[in-house]
Amino acid sequence: MSSKDELRRLIDHMDDRWVDDVVDYVRWLQQDTDTLTPDEWQRVQHGERQIAQGDRVNLKDWRRQHDV
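Residues numbered from 1 in each chain as written. Predicted model: local features only at pLDDT ≥ 70, side-chain atom pairs only at ≥ 80, totals over all residues. Heavy atoms only, no water.

Colleague: Looking at this structure, how should I read the overall build of the chain?
Modeller: Looking only at helices and strands, the chain has four helices and zero strands in total. Taken from N to C terminus, the helices and strands of the chain fall in the order α-α-α-α. By the compact-globule yardstick of 11 Å for 68 residues, the chain is too spread out, its C-alpha radius of gyration being 16 Å. Its C-alpha atoms give the chain principal-axis dimensions of about 45 × 35 × 20 Å. Taking all 68 residues of the chain together, 1% fall into the buried category. (Helix = DSSP H or I, 4+ residues; strand = E, 2+ residues; numbered from the N terminus. Rg over C-alpha atoms; globule rule 2.2 N^0.38 Å. Buried < 20%, exposed > 50% of the residue type's maximum accessible area, 1.4 Å probe, protein only.)

So, in C-alpha coordinates, the structure goes:
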(Lines give C-alpha, C1' and ligand atoms only; values in the text may rest on other atoms or scores of the structure.)
Protein backbone atom coordinates (compact mmCIF):
# COMPACT_ATOMS: atom_id res chain seq x y z
CA MET A 1 0.00 0.00 0.00
CA SER A 2 1.38 3.41 -0.94
CA SER A 3 1.65 6.22 1.56
CA LYS A 4 -1.15 8.09 -0.23
CA ASP A 5 -3.37 5.03 -0.03
CA GLU A 6 -2.61 4.70 3.67
CA LEU A 7 -3.36 8.39 4.20
CA ARG A 8 -6.69 8.06 2.39
CA ARG A 9 -7.57 5.01 4.49
CA LEU A 10 -6.73 6.82 7.71
CA ILE A 11 -8.75 9.88 6.68
CA ASP A 12 -11.75 7.74 5.76
CA HIS A 13 -11.76 6.25 9.26
CA MET A 14 -10.84 9.44 11.13
CA ASP A 15 -13.06 10.84 13.84
CA ASP A 16 -14.70 13.98 12.40
CA ARG A 17 -13.46 16.11 15.29
CA TRP A 18 -9.89 15.87 13.91
CA VAL A 19 -10.60 16.62 10.25
CA ASP A 20 -10.18 20.41 10.50
CA ASP A 21 -6.86 20.01 12.30
CA VAL A 22 -5.59 17.61 9.64
CA VAL A 23 -6.68 19.97 6.85
CA ASP A 24 -4.86 22.86 8.56
CA TYR A 25 -1.73 20.74 8.94
CA VAL A 26 -1.73 19.60 5.30
CA ARG A 27 -2.17 23.19 4.16
CA TRP A 28 0.75 24.17 6.38
CA LEU A 29 2.87 21.41 4.84
CA GLN A 30 2.14 22.75 1.36
CA GLN A 31 3.33 26.28 2.12
CA ASP A 32 6.43 27.40 0.26
CA THR A 33 7.97 29.08 3.27
CA ASP A 34 8.46 27.93 6.81
CA THR A 35 7.52 31.08 8.69
CA LEU A 36 5.25 31.69 11.63
CA THR A 37 2.27 34.01 11.59
CA PRO A 38 2.22 36.68 14.31
CA ASP A 39 -0.38 34.60 16.21
CA GLU A 40 1.75 31.44 15.95
CA TRP A 41 4.81 33.37 17.11
CA GLN A 42 2.90 34.67 20.16
CA ARG A 43 1.82 31.11 21.01
CA VAL A 44 5.44 29.91 20.76
CA GLN A 45 6.62 32.70 23.04
CA HIS A 46 3.83 31.93 25.51
CA GLY A 47 4.83 28.26 25.53
CA GLU A 48 8.48 29.15 26.06
CA ARG A 49 7.52 31.33 29.04
CA GLN A 50 5.46 28.48 30.50
CA ILE A 51 8.37 26.06 30.12
CA ALA A 52 10.76 28.57 31.71
CA GLN A 53 8.37 28.86 34.68
CA GLY A 54 8.26 25.08 35.04
CA ASP A 55 4.73 24.62 33.68
CA ARG A 56 4.71 21.23 32.02
CA VAL A 57 2.21 18.49 31.28
CA ASN A 58 3.37 15.04 30.31
CA LEU A 59 1.87 13.47 27.18
CA LYS A 60 -0.16 10.90 29.11
CA ASP A 61 -1.89 13.62 31.16
CA TRP A 62 -2.43 15.83 28.09
CA ARG A 63 -4.08 12.96 26.24
CA ARG A 64 -6.33 12.27 29.21
CA GLN A 65 -7.29 15.96 29.46
CA HIS A 66 -8.09 16.11 25.73
CA ASP A 67 -9.74 12.68 25.50
CA VAL A 68 -7.20 11.45 22.96
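Colleague: Any chance you could explain the pattern of salt bridges here in plain terms?
Modeller: It is possible for side chains bearing opposite charge to pair when their charged atoms get close. Counted according to the given criterion, the structure contains six salt bridges. We note a salt bridge from Arg 8 to Asp 5, for which the minimum N-O separation is 3.5 Å. Here Arg 8 pairs with Asp 5, and both are found in helix 1 (residues 3–12), just three residues apart, close to one helical turn. The exposure class of Asp 5 is partly exposed, given its relative accessible area of 37%. Salt-bridge contacts for Asp 15 lead to Arg 17; the nearest nitrogen and oxygen are separated by 3.5 Å. (Salt bridge = Lys/Arg side-chain N within 4 Å of Asp/Glu carboxyl O.)

Colleague: Mind showing me how you'd approach unusual backbone geometry here?
Modeller: Note on backbone geometry: most residues besides glycine have negative phi, and most peptide bonds are trans. The phi torsion at Asp 67 lies on the positive side, around 55 degrees, for a residue other than glycine. Among the secondary structure elements, Asp 67 is positioned in the segment after helix 4 (59–65).

Colleague: For this particular structure, what's the right way to read the packing of aromatic side chains?
Modeller: Geometrically, a pair of aromatic rings is defined through the distance of the ring centres and the angle of the planes. Enumeration according to the criterion identifies one aromatic pair in this entry. Summarising the aromatic geometry, the rings of Tyr 25 and Trp 28 are spaced 5.7 Å apart at their centres and angled 25 degrees between planes, so their arrangement reads as stacked. You can see Tyr 25 and its partner Trp 28 sitting in helix 2 (residues 19–30), three residues apart, about one turn around the helix. (Phe/Tyr/Trp six-rings, centres within 6.5 Å; stacked < 30°, edge-to-face > 60°.)

Colleague: Explanation requested: the layout of surface pockets in the structure shown.
Modeller: Picture a little ball the size of a water molecule; that probe, rolled over the atoms, points out where space is still empty. Counted as a void, the largest pocket has a volume near 160 Å³. Forming the walls of the largest pocket are Asp 24, Tyr 25, Arg 27, Trp 28, Gln 31, Thr 35, Thr 37 and Glu 40. Broken down by class, the residue content of the lining of the largest pocket amounts to two nonpolar, three polar and three charged. (1 Å grid on protein atoms, 1.4 Å probe; cavity = no way out; pocket = protein on both sides within 12 Å on 5 of 7 lines; lining within 4 Å. Points joined across faces, edges and corners; volume = space filled by probe spheres on them. Nonpolar A, V, L, I, M, F, W, Y, C, P; charged D, E, K, R; others polar.)

Colleague: Help me out: how do you make sense of a nonpolar patch on the surface in this one?
Modeller: There is a patch of nonpolar side chains on the surface, built from Tyr 25, Val 26, Trp 28 and Leu 29 and spanning about 390 Å² of accessible area. The residue Leu 29 is located in helix 2 in this model. (Patch = residues over 30% accessible without salt bridge, like charges linked within 9 Å, V, L, I, M, F, W, Y side chains within 5 Å. Areas by Shrake-Rupley, 256 points an atom, 1.4 Å probe, with all protein chains shown as cover.)

Colleague: Help me out: how do you make sense of the environment of Gln 30 in this one?
Modeller: Inspection of the secondary structure assignment puts Gln 30 in helix 2. Its relative accessible area of 61% is what places Gln 30 among the exposed residues. The sequence separation of Gln 30 and Arg 49 amounts to 19 residues, and the corresponding C-alpha distance is 29 Å.

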